[in-house]
Amino acid sequence: MSLPLTGQFPAYRPRRLRQSAALRRLVAETSLSRHQLVLPLFVRPGRRQRRAIGAMPGVFQLSVDELLVETERAVSAGVPAVLLFGIPEKKDAKASGAHARTGIVQQAVRALKKEFPELLVITDVCLCEYMSHGHCGVVHHEPGRATIANDPTLKLLAQTAVSHAEAGADLVAPSDMMDGRVRAIRAALDAKGFSDTPIMSYAAKYSSAFYGPFREAAESAPKFGDRRSYQMDAANAEEALREVALDLAEGADIVMVKPALAYLDIIHRVKTTFGYPTAAYSVSAEYSMIKAAAAKGWIDERAVTLESLLAMRRAGADILITYAAVDVAKWLKSEE
Ligand code: PBG
């Protein structure tokens with residue numbers, strides 16, 4: 001791409017348009033709005049449960065009653081959407097809790113939709129929190145090694161997505177990275193009359209050390225091995241475009257890049273290549289790093305958070321999934 005011809009100094013002085021806040025705002029190319037925000041929430045069984053996550057100050061595992069309290073805060077700050085993760089009572093090798101009608105996420109969805117009909121309730125569709133081994137798919141044991149079996153996992157994921165839709169989820173978001181899951185989920189939703197339920201797929205989801213704090217929050221760390229046989233290698237960008245192309249061909253409505261801040265190139269390429277609604281997931285360690293440095297007084301939490309999210313928007317993200325969504329919505333309101 002050649003740059004459009006601009007004048008040369010002294011005819012062109014870029015600083016002319018930077019002289020007042022009003023002028024800078026007038027020519028700003030990118031903006032942040034509360035309408036773009038999604039708040040991830042962790043729900044667990046019980047009552048009056050509010051368990052702090054060590055590495056994520058301000059984030060809790062919440063029982064459904066407390067989830068309603070937390071969501072009320074988000075809704076009144078102007079956050080339009082939440083993304084639900086569940087921590088079940090019991091885990092097993094079939095992820096029974098993931099697709100149970102009375103599963104923890106299903107209960108939470110019903111309660112949220114009853115209390116906040118306007119709120120967009122998105123559910124994370126994955127098995128890792130529900131599997132005793134902590135992997136995102138069915139484990140296949142062979143002599144001397146265990147593998148994650150792709151195709152047998154698809155049915156469980158599809159059942160999980162359908163059970164979320166039946167509970168009232170507005171969107172489902174598969175994060176497992178099995179091949180063919182979007183097609184399986186789309187077909188199952190359509191067969192059950194949920195052809196209008198959109199799929200936001202974690203299309204380019206990398207195997208990332210930035211998920212560390214989340215695994216404590218969701219109690220989903222793999223008990224053996226790692227997720228490299230299904231999540232993407234951080235070295236690859238072309239492959240991300242193939243992953244996104246596949247998910248779109250299989251029926252994804254929104255595609256996600258995850259993590260966000262270290263993967264702005266991927267967000268940019270996904271948006272410019274496909275032009276579909278694109279979500280950026282600013283993951284747990286992105287949040288933790290800012291919180292930790294801010295707690296030491298080393299950085300300005302508000303400024304660094306807003307600048308990071310603006311960078312994701314500038315890269316091409318339409319939707320911003322962030323643990324800081326409530327604060328961000330408040331900060332944006334105070335700037336209006
Ligand atoms: C579940 C899932 C993970 C995250 C979102 N969904 C963890 C993982 O894949 O290990 C990470 C989110 C975060 O770090 O904030 N598959």
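Higher on the page you've got the structure.
What this report covers is the structure whose coordinates are included nearby. (Residues numbered from 1 in each chain as written. Predicted model: local features only at pLDDT ≥ 70, side-chain atom pairs only at ≥ 80, totals over all residues. Heavy atoms only, no water.)

**With respect to the nonpolar core**
Okay, step 1: Counting 109 residues, the largest nonpolar core has Phe42, Leu83, Ile266, Tyr281 and Ile321 as the members making the most contacts within it.
Okay, step 2: Here this core takes eight residues from helix α5 (residues 150-167), the largest share from any one element. (Core = buried A, V, L, I, M, F, W, Y, C linked by side-chain atoms within 4.5 Å. Buried < 20%, exposed > 50% of the residue type's maximum accessible area, 1.4 Å probe, protein only. Helix = DSSP H or I, 4+ residues; strand = E, 2+ residues; numbered from the N terminus.)

**Section: the packing of aromatic side chains**
To describe a pair of aromatic rings, you give the distance between the ring centres and the angle between the ring planes.
Okay, step 1: On inspection of all chains with the given rule, the structure shows eight aromatic pairs.
Okay, step 2: Taking 6.1 Å as the distance between ring centres and 45° as the angle between the ring planes, the aromatic pair formed by Tyr202 and Tyr281 counts as tilted. Of this pair, Tyr202 sits in strand β9 (residues 200-205) while Tyr281 sits in strand β11 (residues 278-282), and the two are 79 residues apart along the sequence.
Okay, step 3: Tyr202 sits in the buried class, given a relative accessible area of 0%.
Okay, step 4: On the numbers, 6.1 Å between centres and 50° between planes, the contact of Tyr281 with Tyr323 is tilted. Of the two residues, Tyr281 sits in strand β11 while Tyr323 sits in the loop between β12 (319-322) and α12 (325-335), which places them 42 residues apart along the sequence. Both residues of the pair, Tyr281 and Tyr323, count as buried.
Okay, step 5: By way of ring pairs, the aromatic residues Phe42, Phe85, Tyr202, Phe214, Tyr281, Tyr287 and Tyr323 are connected into one cluster.
Okay, step 6: Positioned above the aromatic ring of Phe214 is the side chain of Lys258, whose terminal nitrogen or guanidinium carbon lies 6.0 Å from the ring centre. (Phe/Tyr/Trp six-rings, centres within 6.5 Å; stacked < 30°, edge-to-face > 60°. Lys NZ or Arg CZ within 6 Å of the ring centre and 35° of its normal.)

**Some words on unusual backbone geometry**
Okay, step 1: Cis geometry is found at the peptide bond from Phe9 to Pro10, where omega equals 5°.
Okay, step 2: Following the sequence through the fold, Pro10 ends up in the segment before α1 (21-26).
Okay, step 3: Between Lys258 and Pro259 the backbone carries a cis peptide bond, its omega angle lying at -10°.
Okay, step 4: By secondary structure assignment, the location of Pro259 is in the loop between β10 (254-258) and α9 (264-274).
Okay, step 5: The phi dihedral of Ala95 falls on the positive side, at around 55°, and the residue is not glycine.
Okay, step 6: Among the structural elements, Ala95 can be located in the loop between β4 (81-86) and α3 (96-99).
Okay, step 7: A positive phi angle, close to 70°, is found at Met177, a residue other than glycine.
Okay, step 8: Inspection of the secondary structure puts Met177 in the loop between β8 (171-174) and α6 (181-191).

**Examining the packing of helix α2 (residues 64-77) against helix α4 (residues 104-115)**
Okay, step 1: It is the contact of α2 with α4, at a shortest axis distance of 10 Å, that shows an interaxial angle of 45°. Taken together, the axis directions place α2 and α4 in an arrangement best described as oblique. Two packed elements cross with a definite hand, and for α2 against α4 that hand is right-handed. Taking contact as the criterion, the partners of Val64, Leu67, Leu68 and Thr71 in α2 are, on α4, Ile104, Gln107, Ala108, Ala111, Leu112 and Glu115.
Okay, step 2: Residues belonging to the contact of α2 with α4 are distributed by class as follows: seven nonpolar, two polar and one charged. (Axes fitted to C-alpha atoms, helices over the stretch in contact; angles between N-to-C directions. Parallel < 35°, antiparallel > 145°, perpendicular 65-115°, else oblique. Left-handed = near helix turned anticlockwise from the far one by under 90°. Contact = heavy atoms within 4.5 Å. Nonpolar A, V, L, I, M, F, W, Y, C, P; charged D, E, K, R; others polar.)

**Structural notes on the layout of surface pockets**
Okay, step 1: Computed from the structure, the largest pocket encloses a volume of approximately 560 Å³.
Okay, step 2: What lines the largest pocket is a set of 15 residues, and nearest its centre among them are Ser31, Leu32, Leu310, Leu332 and Glu335.
Okay, step 3: Contributions of two or more residues to the lining of the largest pocket are made by α1, α11 (301-315) and α12.
Okay, step 4: The greatest single-element share of the lining of the largest pocket, amounting to four residues, is contributed by α11.
Okay, step 5: Counted by class, the lining of the largest pocket contains six nonpolar, three polar and six charged residues. (1 Å grid on protein atoms, 1.4 Å probe; cavity = no way out; pocket = protein on both sides within 12 Å on 5 of 7 lines; lining within 4 Å. Points joined across faces, edges and corners; volume = space filled by probe spheres on them.)

**So, the pattern of salt bridges**
Okay, step 1: Overall, the coordinates contain 15 salt bridges when judged by the stated rule.
Okay, step 2: For Arg73, the salt bridge identified is with Glu70, shortest N-O distance 2.8 Å. Taken together, the positions of Arg73 and Glu70, both in helix α2 and three residues apart, correspond to about one turn of that helix.
Okay, step 3: Residue classification places Arg73 among the partly exposed residues on the basis of a relative accessible area of 37%.
Okay, step 4: A salt bridge links Asp253 to Arg186, with the shortest nitrogen-to-oxygen separation between them at 3.9 Å. Here Arg186 lies in helix α6 and Asp253 lies in the loop between α8 (238-250) and β10, a separation of 67 residues in the sequence.
Okay, step 5: With relative accessibility at 32%, the residue Asp253 sits in the partly exposed group.
Okay, step 6: Its relative accessible area of 13% is what places Arg186 among the buried residues.
Okay, step 7: Overlapping salt bridges bring together Arg50, Glu66, Glu70 and Arg73 as one network. (Salt bridge = Lys/Arg side-chain N within 4 Å of Asp/Glu carboxyl O.)

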